[in-house]
Amino acid sequence: MPAVATYALRLGDDALVLSQRLGGWITRAPQLEEDVALGNIGLDLLGQARTLLTYAGEVEGAGRTEDDLAFLRDEREFVNLHIVEHPNEDFAVTMARQLFFSTWQLALHQRLVGSTDDLLAGVAGKAVKEIAYHRDHADQWVRRLGDGTEESHRRMQAGLERMWPYVQEMFAVDELERALVDQGVAADVTLVRGEWDAHVDDVLRGATLTRPEDLTTPPGGGRRGVHTEPFGYLLAEMQHLHRSHPGATW
Amino acid sequence: MTDVSAEGGHGAVPLTGVPATDGGADQREWPLWEVFIRSRRGLSHQHVGSLHAPDAEMALRNARDVYTRRSEGVSIWVVPAAAVVATSPDEKDSFFDPAADKAYRHPTFYDVPAEVQHL
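Keep in mind that what you see is a predicted model, and the values were worked out from it rather than measured.

Criteria and thresholds
Think of each chain on its own: its residues are numbered from 1, step by step along the sequence as written. Chain letters and ligand numbers both follow the written order, the letters beginning at A and the numbers at 1. In keeping with the predicted nature of the model, local features appear solely for residues at pLDDT of at least 70, side-chain atom pairs appear and are counted solely at 80 or more, and the whole-chain, interface and lining totals rest on all residues. At least two DSSP bridges between two strands are needed for those strands to be called paired. Put simply, DSSP marks the helices as runs of H or I at least four residues long and the strands as runs of E at least two long, and each gets a number from the N terminus on. All axes here are fitted lines through C-alpha atoms, helices being fitted over the stretch that makes contact, and every angle between N-to-C directions spans 0 to 180 degrees. It is the C-beta atoms, placed from the backbone, that decide contacts: two residues are in contact if theirs lie within 7 Å. Here the term charged refers only to Asp, Glu, Lys and Arg, the term nonpolar to Ala, Val, Leu, Ile, Met, Phe, Trp, Tyr, Cys and Pro, and the term polar to all other amino acids, Gly among them. By convention in this section, buried Ala, Val, Leu, Ile, Met, Phe, Trp, Tyr and Cys residues joined through C-beta atoms within 7 Å make up a nonpolar core. Buried residues are those with 20 or more other C-beta atoms within 10 Å of their own C-beta, exposed residues have 12 or fewer, and partly exposed residues lie in between; C-beta atoms are placed from the backbone. In a helix, the anticipated span is given by 1.5 Å times the number of residues less one. In this description, one arc is meant: the one made by directions from the helix axis to the C-beta atoms.

1. Considering the sheet that holds strand β1 (residues 32-38) of chain B
All names here are of chain B.
Reasoning step 1: Reading across the sheet, the three strands line up as β2-β1-β3 and stay open at both edges, with antiparallel pairing between neighbours. Sheet topology places β2 (46-52) and β3 (75-80) at the edges, where each strand pairs with a single neighbour. Ignoring strand direction, the axes of neighbouring strands in this sheet form an average angle of 30 degrees.
Reasoning step 2: As defined by bridge partners, β1 adjoins β2 across six bridges and the pair is classed as antiparallel. Counterpart to I37 in the pairing with β2 is Q46.
Reasoning step 3: Across the face of the sheet, helix α1 (residues 56-67) comes into contact with β1, β2 and β3 while running at roughly 130 degrees to β3.

2. Re the interface of chain A and chain B
Reasoning step 1: Taken together, the nine residues of chain A in the interface contact twelve residues of chain B.
Reasoning step 2: The set of elements that each furnish at least two residues to the side of chain A that touches chain B consists of α2 (32-60) and α5 (118-146) of chain A.
Reasoning step 3: No other element matches α2 of chain A, which puts four residues into the side of chain A that touches chain B.
Reasoning step 4: Tallied by class, the residues present in the side of chain A that touches chain B amount to two nonpolar, five polar and two charged.

3. Quick notes on the nonpolar core
Reasoning step 1: By size, the foremost hydrophobic cluster in this structure holds 67 residues, and its most contacted members are A8, L52, M95, F100 and V142 of chain A.
Reasoning step 2: Ranked by residues supplied to this core, first place goes to helix α4 (residues 91-112) of chain A with 13 residues.
Reasoning step 3: In this view, A8 of chain A contacts L52, Y55, A56 and L120 of chain A; residues no more than four positions away in its chain are not counted.
Reasoning step 4: Within the second largest apolar cluster, 15 residues are counted, among which are W30, A59, A63 and V78 of chain B.

4. Quick look at α4 of chain A
Reasoning step 1: Along its 22 residues, α4 of chain A runs 30 Å from first to last C-alpha, staying within 8% of the 32 Å computed at 1.5 Å per residue.
Reasoning step 2: By the criterion of burial, α4 of chain A is predominantly enclosed, with 20 of the 22 residues buried.

5. Re α1 of chain B
Because each turn of an α-helix spans 3.6 residues, side chains separated by three or four positions in sequence point in the same direction.
Reasoning step 1: Between its terminal C-alpha atoms α1 of chain B stretches 16 Å, which fits the 16 Å expected from twelve residues at 1.5 Å a residue.
Reasoning step 2: Where α1 of chain B is concerned, the buried positions are M58, A59, N62, A63, D65 and Y67 of chain B. Buried residues of α1 of chain B, seen end-on, are gathered within an arc of 165 degrees and therefore sit on one face of the element.
Reasoning step 3: Close packing links the buried residues of α1 of chain B with α2 and α5 of chain A together with β1, β2 and β3 of chain B.

Put into C-alpha cells, the structure is as follows:
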C-alpha cells in the first residue's frame, strides 16, 4: 500500500474506532442531552473516517471501498492509536480520552490544512471546525467534573491517570510518517507536544486536577497493527453484521 | 397570578417533579432551560423547545447539539425556565378577550405608502 494510503488509513482508523467507542454511549449517557452530544461527536468522526478510508482505498488501487476497509480487515491490519480503542468505562474516563485525543487531533489537523496532498488538506479544513467543538466539549466536562463534587473530582483524576499511558504514542513518528512529513504531505506530530501540554495543563489547572506523571512506558504498536485486548471485541461488534450478510445493501 | 411556570411553546414542557430552579448539590435533575433559535433568514429568535443542563454554558452547547443538527439556526438564546414568567390559562379570558372586539386599534384605516419598509 502506498505511503499516503497508509497515512490516510491511520488517521481514518483513529476516527473510525473512536466513533465506534462513542456510539457505545448511545442510550447509556448520563443525560439525554449528553447522548446526543456524544453521538454527534461520533458522527463527525465517522464522516472523517469515511472520507479517509475511501481515499486510502482509491490510492491503494486494489478496488477496496470504505466498507471493505472498515468491515473486512482483521485486527492486525488496523493502524489506529491505542488511545481510541480503550473502553468507555465511566464518563470521566471517556472525557479524559476525549480531552487527550481531541487536543492532539485538532493540533494535527490545523497543520494538515497546509498539506501538499489536496484531499488531506481538504479533509483537515473541514475537520478543524468539528474537532474544535469536540475538544471544547471535553474541556467543559473535565473542568466541571474536576472542580465539582468530591466524587466527580476523584473519578476525573482517576480518569486522567487511566488514560495517561496512551499519550506518548500520539507523538511518536516512524520512518513512513517521517518521509511523508519531508514531502509536505503529513503533519509532524512531534512538534505538537508543546501546545498539547499547554492546553491540557490549562484545562487541568482550571479543573483543580493534577497532571499525571509518566510512570510507565507503554509498548504502543497501534500504527504497526498491534492492538490491545478489548480491540478484538470492538471489531467483532462493529463488523459482524456486515460479515454476516455479504453484499447486502439498504 | 397563580402559576408562574413556563407554558412551553411546542407542546408540553414536563413540569411534574422537575425542579426549574438552580438547586443545591443534592438535586437529582439538572435545571431546565428554554431554547430560542434564530434561523439564518429570520429576524427574531423562536422558541424551539427545552432541555436540561447544569449551567448556562452547557445549555448553549446542548442547544446547539439538540436543536441545530439540521442547520436550523445561526443564533441561540437559552433562558432558565424559572426566569420565564407566563400567563396562566385561568386568566386567558380577562387578559385577551377584550381586545377581540376593538377594530379601531388595528392599523387598517389609512393607506400605507409603498416606500415604508417593515411597518
